[in-house]
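Observations on chain architecture
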Amino acid sequence: MDMRKIPVPPVLLIASTLLTVVSVSRVLWAQWLLSRAAYYVLFLLVIVWLIVLIHALRVLKPDLRRFFGNYGSGILFSVFLAGVIFISAQPYFRVQTDESKILNVSRSMFLEHKTDNVSEGIQLSDGTYLPLFRNFPQRCLLFQFLTSLIHQGIGYRPWNPFILNFIVLSALLSVIFIFCRRHFGPTAGFVAVLLVVSQPIFSLSASSGGLDLLSALFTFISLMALEMFLNKPTPFYFNLLWMQLLMLAHTREETILFAVVMMLFLMVYRYFKFEWVKSSWVLGMTPVLLWPIVWQRVAITHAYLFEDPPGGIAFSPVHFIHHLGVLLATALRFDFRIPYASAINLIGIGALFYFMFLFVLKRWPKGTAGRHWVAMVTVSLALRLAVLCSYYFANPLNYLASRFYIVFLVLLSILIVAFLHRKGILQRSPRGCVLAALLIFVPYHAVTVSDENMGSLYLNQEFRCVMDFMKEKSPKETLLILDSPDMYSGRHLSVVNFDYANENRKKLAELLNYTQIHEIYVFQRFLPASRQIDGAAQLDPGYQVTFIKYIAVSPGIWLRLSKLSSIDRTVAV
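Heads up: these notes are all about the structure in this document.

Cut-offs and rules
Residues numbered from 1 in each chain as written. Predicted model: local features only at pLDDT ≥ 70, side-chain atom pairs only at ≥ 80, totals over all residues. Heavy atoms only, no water. Patch = residues over 30% accessible without salt bridge, like charges linked within 9 Å, V, L, I, M, F, W, Y side chains within 5 Å. Areas by Shrake-Rupley, 256 points an atom, 1.4 Å probe, with all protein chains shown as cover. Salt bridge = Lys/Arg side-chain N within 4 Å of Asp/Glu carboxyl O. Lys, Arg positive; Asp, Glu negative; His and termini not counted. Charge placed at Lys NZ, Arg CZ, Asp CG, Glu CD. Helix = DSSP H or I, 4+ residues; strand = E, 2+ residues; numbered from the N terminus. Buried < 20%, exposed > 50% of the residue type's maximum accessible area, 1.4 Å probe, protein only. Core = buried A, V, L, I, M, F, W, Y, C linked by side-chain atoms within 4.5 Å. Contact = heavy atoms within 4.5 Å. Pairing = 2+ DSSP bridges. Polar contact = N/O pair within 3.5 Å; in protein donor to acceptor, adjacent residues only side chain to side chain.

1. Overview of a positive patch on the surface
A contiguous patch of positive charge on the surface is contributed by Arg-363, Lys-366, Arg-422 and Lys-423. Inspection of the secondary structure assignment puts Lys-423 in the loop between helix 20 (406-422) and helix 21 (425-428). What makes Lys-423 partly exposed here is its relative accessible area of 40%.

2. As for a nonpolar patch on the surface
Together, Phe-43, Ile-47, Leu-50, Ile-51, Ile-54 and Leu-149 make up a nonpolar patch on the protein surface, roughly 500 Å² of accessible area in all. No other element matches helix 3 (residues 38-60), which puts five residues into the nonpolar patch. Mapped onto the secondary structure, Ile-47 falls in helix 3. With relative accessibility at 36%, the residue Ile-47 sits in the partly exposed group.

3. Details of the nonpolar core
Within the largest apolar cluster, 146 residues are counted, with the highest numbers of intra-cluster contacts made by Phe-202 and Met-243. It is helix 7 (residues 160-184) that contributes the most residues to this core, 13 residues altogether. Apart from the residues within four sequence positions on either side, Phe-202 is in contact with Leu-169, Leu-172, Leu-173, Val-196, Val-197, Leu-213, Ile-406 and Val-410. By size, the runner-up hydrophobic cluster in this structure holds 20 residues, among which are Phe-463, Cys-465, Val-466 and Phe-523.

4. Considerations on the pairing of strand 3 (residues 478-481)
Side chains Thr-478 and Leu-480 project from strand 3 onto one buried face, and the interleaved Leu-479 and Ile-481 project onto a second face that is buried too. When strand 3 meets strand 5 (residues 519-527), the two strands line up parallel, connected through four bridges. Directly across from Thr-478, in strand 5, lies its bridge partner Glu-519.

5. Some points on the side chain of Gln-138
With respect to the secondary-structure elements, Gln-138 resides in the loop between strand 2 (129-135) and helix 6 (142-154). Of the polar contacts made by the side chain of Gln-138, one reaches the side chain of Lys-101; its length is 2.9 Å.

6. What about unusual backbone geometry?
Along the chain, Trp-364 connects to Pro-365 via a cis peptide bond; the corresponding omega equals -10°. Relative to the helices and strands, Pro-365 resides in the loop between helix 18 (342-360) and helix 19 (368-390). Phi angles above zero are rare outside glycine, and Lys-61 is one such case at about 45°. Take Lys-61: it is sitting in the loop between helix 3 and helix 4 (64-88). Look at Arg-531: it is not a glycine, yet its phi comes out positive at around 55°. In this structure, Arg-531 sits in the loop between strand 5 and strand 6 (532-533).

7. Description of the side chain of Ser-402
In this structure, Ser-402 sits in the loop between helix 19 and helix 20. Residue Ser-402 is classed as buried on the basis of its relative accessible area of 0%. There is a polar contact of 3.0 Å between the side chain of Ser-402 and the backbone oxygen of Tyr-399. Ignoring sequence-local partners within four residues, the contact set of Ser-402 consists of Ile-201, Pro-339, Tyr-340, Pro-396 and Met-454.

8. Some points on the pattern of salt bridges
Side-chain pairs of opposite charge can arise where the charged atoms are in close proximity. In this structure the tally under the stated criterion is 17 salt bridges. Measuring nitrogen to oxygen at the nearest pair gives 3.3 Å for the salt bridge that ties Glu-254 to Arg-384. Within this pair, whereas Glu-254 is found in the loop between helix 11 (235-249) and helix 12 (256-268), its partner Arg-384 is found in helix 19, the two being separated by 130 residues in sequence. Using a relative accessible area of 8% as the deciding quantity, one classes Glu-254 as buried. Put simply, Lys-563 and Glu-519 hold a salt bridge, and the shortest N to O gap is 3.1 Å. Taken together, the positions of Lys-563 in strand 8 (residues 557-567) and Glu-519 in strand 5 put the pair 44 residues apart, joining distant regions of the chain. A cluster of three or more residues bridged by salt bridges with shared partners is formed by Asp-98, Arg-139, Asp-212, Arg-252, Glu-253, Glu-254, Arg-384 and Arg-403.

Next comes the structure, spelled out in structure tokens:
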């Protein structure tokens, strides 16, 4: 048998699958690999993605002059709108507990090429950071990796995630414009992007430090790649589609379902040819490119990954029914107090049912490929919505959870544009449609700018109070003891939590003796109603503190600020 005739991709597929099984056969192995090897796999993922895109450009040889002639104005308009959003909606970490951990992981990737969330540590005088406690990353890692590339380019800055999200926002709006311009005409793209940015939660998430917008970007890139493949089901277009789905899988936990559902549909509809396995390097490398996801699922327990509620379960049909009902009910609220553009959602839901009716009657869309595309997109997004709504934390009126629904809000805007096109309204009155979209944008963008709900969240208020206090202190000489240190460790601050402080009095005493740390301050959550310190913020009696002041963060919770005056040396040293 001539070994040279054996195709490499299937051998690679079998070998990488076996290596995957071995790597997760022990939890400790998966944890070690997640921490120390996932960064390099993500690097490989992005390199392969770029190679696939460059190969696609070489094969397709697009007419760039024609492309920019058709879409250049829309791309510039998209970048302009992204600038408007970042100027008017002040960028900051709106979901502190989540986005601060994302920042910490990106810093570990930059400094150590590891994926650890360094939640507690000491900022040394030479600029290095001494880690004291590490956690496994809880979120998919592509956003953190891309942020680390920005760190590599311009140096580590806590606001670098905003730079990435500005790029992602510009790209996402451009993709939406191109899709709508291609299918519904020149005016459709402008109307679509105006309707999309009218959603307050879309703009708020864009000007924050989270990964939801990146997930939305690769969702719509994947849907466009799917359309291209169904129109020309060749190995070339399959590799292009599959690579986008692999990138999407690394953006949010539930997005791996897209790849699974798409592959099942492609097999059922007989688009996928099994002989492609012999020639598709992307398929052969799939297990390798999914290693970070697999390691993460094995390394982190279910309760830690999904944050089960005490005494409850993370996913439930009861949650699904309740959250879906709440989500639909938001379309009937016009008080401008929620982060949704209710007028757009109400019309969009009507357009959704209209097109579902036409689909059932086989009056839309035309052609087998178009019908298959609609079926695959509908099932994939419906399954994703079902998973999200089933999650206990995903109440649409919870401002921290409303970002989960960005993809579906964008879809409603596109459906409105499709409805206007089908009814001939876009063609008859293009300027009127743009003006109507602009009139919708203005009042809902005012909700974005005011940012009352996100800005009033307790953790955001607490973060501002602590950071305002640190403006008067030297970060290299000050250590903070507080309840949520991972909100501050990525901001060049020395921080530990109460558990670490209570268990390591000797180490803290040594830090005072052998580092540049001269002052230790304690922030404890204080409940004014009961005149008691929150149970999670109790400090060991071996620490002697001098009370400074109370800081009113919210009506029900204050911060009690104290300065450490001494450590009981008989116990600590």
